[in-house]
Amino acid sequence: MNGAQKKLARELFGFRVHKHLGDGAQSRVYSVWEPKNHQLWAAKHVVLEDEKDQRWIDQVQLEYDIGSKLKHPAIRAIHLLKKEKSGGFGGIGGKVREIALFMELIDATPLSDIPRPTMDICIDLFRQVAEGMQHMHDKGFVHADMKPLNILVDVETWQAKIIDLGQACKIGETKERRQGTPGFMAPEQVELEPITAQTDVFNLGATMWWVLLRQHAPQAARVDAEGRSLLWKDDSSPMPNAIDSSIPDRLALLISRCLEREPHKRVKMSWVISELQEMSSVRA
């Protein structure tokens, strides 16, 4: 959090701040009240303090550019983007010095903070997330940072919402630097190869592994002693149900096939959805 944001805001671009919800790397998140529509939204707020903060401004802009093109019940809805340039709000020219992304306000808990639900609920949550990611793929985008922290869950209805599109990109994009979360990253993310829909398949497989076993998949990249992201090279990774026999064989096989090292060997997201749907109907 930069110095300009240490003090909590009372108002953002005409929206009245209702509550401080939390802080990200260089962002602050609020619930805000929109007087015109009498509605509450979540707002991600970033202030540019020096040049190194520019990437956080760019990340919020990217989240809007992609999120505003998506409409799916398992993806957090984007409302609008407001920004102020040096020289005044709405001014022409100058650098963006402040930006706020207004999003659907969700009263839910990150999946990472929830004790493992029943197997039936886990399967249904995985299905919802897979369907949301397939919608992204159909629109030409990859999430590229799927992990339990980026899935909000209403524990009364067990509805899932994918959040945080800050690492998202167009299908086939090659990034200039490593992005993603250690413990969930695919090999191609570490090796700076093109990011595709198969990257999301791997990230989802690593997410399912963690949710069911509360440990990182051995196939996923992690951080070494020097703080660098490296691929965990383990060609003899066990099946998940060899660690926990309560995991159905079919689900264990699905997860393992999501975690293949080479993208073309992984299953397609459409097949992941089909398998999870069928598992749900069999267990109903």
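For the structure, check the block above.
For every chain, the first residue of the written sequence is number 1, and numbering continues from 1 along that sequence. Given that this is a predicted model, residues contribute local features only at a pLDDT of at least 70 and side-chain atom pairs are listed and counted only at 80 or more, while totals for whole chains, interfaces and linings are drawn from all residues. Side-chain metrics rest on all non-hydrogen atoms present in the structure, leaving aside hydrogens and water.

Student: When you look at the pattern of salt bridges in this model, what are you seeing that I'm missing?
Tutor: Where side chains of opposite charge bring their charged atoms close, a pairing between them can arise. Any Lys or Arg side-chain nitrogen found within 4 Å of a carboxyl oxygen on Asp or Glu counts as a salt bridge. By the definition in use, this model includes 14 salt bridges. Taking the shortest distance from any N to any O, the salt bridge between Lys-147 and Asp-145 comes out at 3.7 Å. Comparing Lys-147 with Asp-145 shows no difference in burial state: the two are buried. Notably, a salt bridge pairs Arg-261 with Glu-191, separated by 3.0 Å at the nearest N-O pair. Throughout this description, buried means an accessible area under 20% of the type-specific maximum (1.4 Å probe, protein chains only), exposed means over 50%, and partly exposed covers the range between.

Student: Looking at this structure, how should I read the nonpolar core?
Tutor: Among soluble globular proteins, nonpolar side chains are generally buried collectively. For this analysis, a nonpolar core means a set of buried residues of the types Ala, Val, Leu, Ile, Met, Phe, Trp, Tyr and Cys, connected via side-chain atoms within 4.5 Å. Among the nonpolar cores identified, the biggest contains 49 residues, and Leu-212, Leu-251, Val-272 and Leu-276 are the most heavily contacted of them. In this analysis, two residues are considered to be in contact whenever any of their non-hydrogen atoms come within 4.5 Å of each other. With residues up to four places along the chain from it excluded, the contact list for Leu-276 reads Ile-123, Phe-126, Arg-127, Ala-130, Leu-251 and Leu-254.

Student: How should I be thinking about empty space enclosed by the protein in this particular structure?
Tutor: Any empty space left between atoms is shown by rolling a water-sized probe over those atoms. Points on a 1 Å grid, built from protein atoms alone, make a cavity when a 1.4 Å probe fits but cannot get out and make a pocket when they are open with protein on both sides within 12 Å along at least 5 of 7 lines; residues with an atom within 4 Å of a point are the lining residues. Grid points are joined across faces, edges and corners, and a volume is the space filled by probe spheres set on the points. The full count for this structure, using the stated rule, is two cavities of 30 Å³ or more. Counted as a void, the largest cavity has a volume near 50 Å³. Every residue along the wall of the largest cavity is listed here: Ala-144, Lys-175, Arg-177, Gln-179, Gln-189, Leu-192, Glu-193 and Ile-195. Three residue categories are used. Nonpolar comprises Ala, Val, Leu, Ile, Met, Phe, Trp, Tyr, Cys and Pro, charged comprises Asp, Glu, Lys and Arg, and polar comprises the others, including Gly. Looking at side-chain class alone, the lining of the largest cavity contains three nonpolar, two polar and three charged residues. Its boundaries defined by the atoms lining it, the second largest cavity holds a volume of some 40 Å³. Surrounding the second largest cavity, Glu-63, Ile-75, Arg-76, Ile-78, Met-103, Ile-162, Ile-163, Asp-164 and Leu-165 form its lining. For the lining of the second largest cavity, the residue count by class is six nonpolar, no polar and three charged.

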